[in-house]
Amino acid sequence: MYVCFFLFVSDAQNAFKVRLSIKTALGDNAYAWDANEEYLFKAMVAFAMRRYSSKSTTQISNVLLCNVTDRVSFWFVVTDPSKNVTTVPGSEVEAAIRMNRNRINSAFLLSDKTLQFLKITSTLSPPVEPSTPAWLIVFGVVLCLIVAGIVFLVVAGIKQRKKKNKQLTERENLEEKREVTVTVENGIPCETLDLKAGHINGVFAADDERFTSL
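Residues numbered from 1 in each chain as written. Predicted model: local features only at pLDDT ≥ 70, side-chain atom pairs only at ≥ 80, totals over all residues. Heavy atoms only, no water.

*Asks:* Any chance you could break down a nonpolar patch on the surface for me, citing the residues and the numbers?
*Replies:* Residues Trp135, Leu136, Phe139, Leu143, Val147, Val151 and Val155 make up a contiguous nonpolar surface patch of roughly 670 Å² in combined accessible area. By secondary structure assignment, the location of tryptophan 135 is in helix 6 (residues 134-179). For tryptophan 135, a relative accessible area of 61% gives the class exposed. (Patch = residues over 30% accessible without salt bridge, like charges linked within 9 Å, V, L, I, M, F, W, Y side chains within 5 Å. Areas by Shrake-Rupley, 256 points an atom, 1.4 Å probe, with all protein chains shown as cover. Salt bridge = Lys/Arg side-chain N within 4 Å of Asp/Glu carboxyl O. Helix = DSSP H or I, 4+ residues; strand = E, 2+ residues; numbered from the N terminus. Buried < 20%, exposed > 50% of the residue type's maximum accessible area, 1.4 Å probe, protein only.)

This is the structure:
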């Protein structure tokens, strides 16, 4: 603890404060922060340092915690494995934490909001890539519009044709009715003269036949 305090005072720029909101995140399933949880935190930081740099040989003993409070907040520094009295530059620690933030959060069942590294900005979640390519979605929409347009034109054509056929049928029916209409003159029904086929008067036809025979 004394070594941690000394390193914190001498190399404050390389120290990081952590605040955990376990109760807020887990409610009734919240766990107590004890020595085992501290050991896990040190292990995760050492893991992050080693994963960040293949040359790093950081051990759990190189991660020092200071000023641990009951509300679960504390400071930590990472010492150089080759020189225990020298801290690892804060920029390297920050880069390692950011690179492995999700792994650290998962270890404690927390998130960026409930496991806060106050000097390290929250990592952005990787963008969610749609399972279907964007160009395929656009192609599908355009194809649907084309098909809808074709269907509309076909249906409109069929309706228009039916309408014309209906009008033609009505016109033909009206003409037929006019041709068979019987007119009444002086109370005597007379058939309308068929101008197309003509009409022969029976009286004059008989006279024509009689004079022709003579």
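*Asks:* Lay out the environment of alanine 32 with the relevant residues and their values.
*Replies:* Mapping alanine 32 onto the fold places it in the loop between helix 2 (22-26) and helix 3 (35-52). Separated by 40 residues in the primary sequence, alanine 32 and valine 72 place their C-alpha atoms 9.4 Å from one another.

*Asks:* Mind laying out helix 4 (residues 90-99), listing which residues take part and the relevant values?
*Replies:* Among the residues of helix 4, Gly90, Val93, Ala96 and Ile97 are the ones counted as buried. The buried residues of helix 4 occupy an angular sector of 130° when projected down its axis, which confines them to one face. The inward-facing, buried residues of helix 4 abut strand 1 (16-20), helix 3, strand 3 (73-80), helix 5 (101-107) and strand 5 (115-117). (Arc of directions from axis to C-beta. Contact = heavy atoms within 4.5 Å.)

*Asks:* I'd like a rundown of the packing of aromatic side chains, residues and numbers included.
*Replies:* Enumeration over the complete set of coordinates arrives at 8 aromatic pairs. Arranged with centres 5.8 Å apart and planes meeting at 25°, the rings of phenylalanine 16 and phenylalanine 76 form a pair that is stacked. Here phenylalanine 76 lies in strand 3 and phenylalanine 16 lies in strand 1, a separation of 60 residues in the sequence. Judged on exposure class, the residue phenylalanine 16 and its partner phenylalanine 76 are both buried. The structure contains a cluster of three or more aromatic residues connected by ring pairs, namely Phe16, Trp33, Phe41, Phe74, Phe76, Phe108 and Phe117. (Phe/Tyr/Trp six-rings, centres within 6.5 Å; stacked < 30°, edge-to-face > 60°.)

*Asks:* Which residues make up the confidence of the model for the protein, and what values do they have?
*Replies:* Here the protein shows a mean pLDDT of 80. Residues at 70 or above account for 71%. When mean pLDDT is compared element by element in the protein, helix 3 scores highest at 96, while helix 1 (residues 2-10) scores lowest at 52. (pLDDT = per-residue confidence, 0-100.)

*Asks:* So what's going on with the nonpolar core? Residues and values would help.
*Replies:* Among the nonpolar cores identified, the biggest contains 27 residues, and Leu20, Phe41, Phe76 and Phe117 are the most heavily contacted of them. Mapped by element, the contributors of at least two residues to this core are strand 1, helix 3, strand 2 (63-66), strand 3, helix 4 and strand 5. In terms of residue count, the dominant contributor to this core is helix 3 (6 residues). Phenylalanine 76 has contacts with Asn14, Ala15, Phe16, Val18, Phe41, Val45, Val63, Leu64, Leu65, Val93 and Phe117, leaving out every residue within four places of it along the chain. (Core = buried A, V, L, I, M, F, W, Y, C linked by side-chain atoms within 4.5 Å.)

*Asks:* An account of the pattern of salt bridges is requested, with residue identities and associated values reported.
*Replies:* Close approach of charged atoms lets side chains of opposite charge pair. Within this structure, the stated rule accounts for 1 salt bridge. With a shortest N-O distance of 3.5 Å, arginine 101 and aspartate 112 are connected by a salt bridge. Pair noted here: arginine 101 is in helix 5 and aspartate 112 is in the loop between helix 5 and strand 5, with a separation of 11 residues, a long-range link. Of the two residues examined, arginine 101 and aspartate 112, each falls in the buried class.

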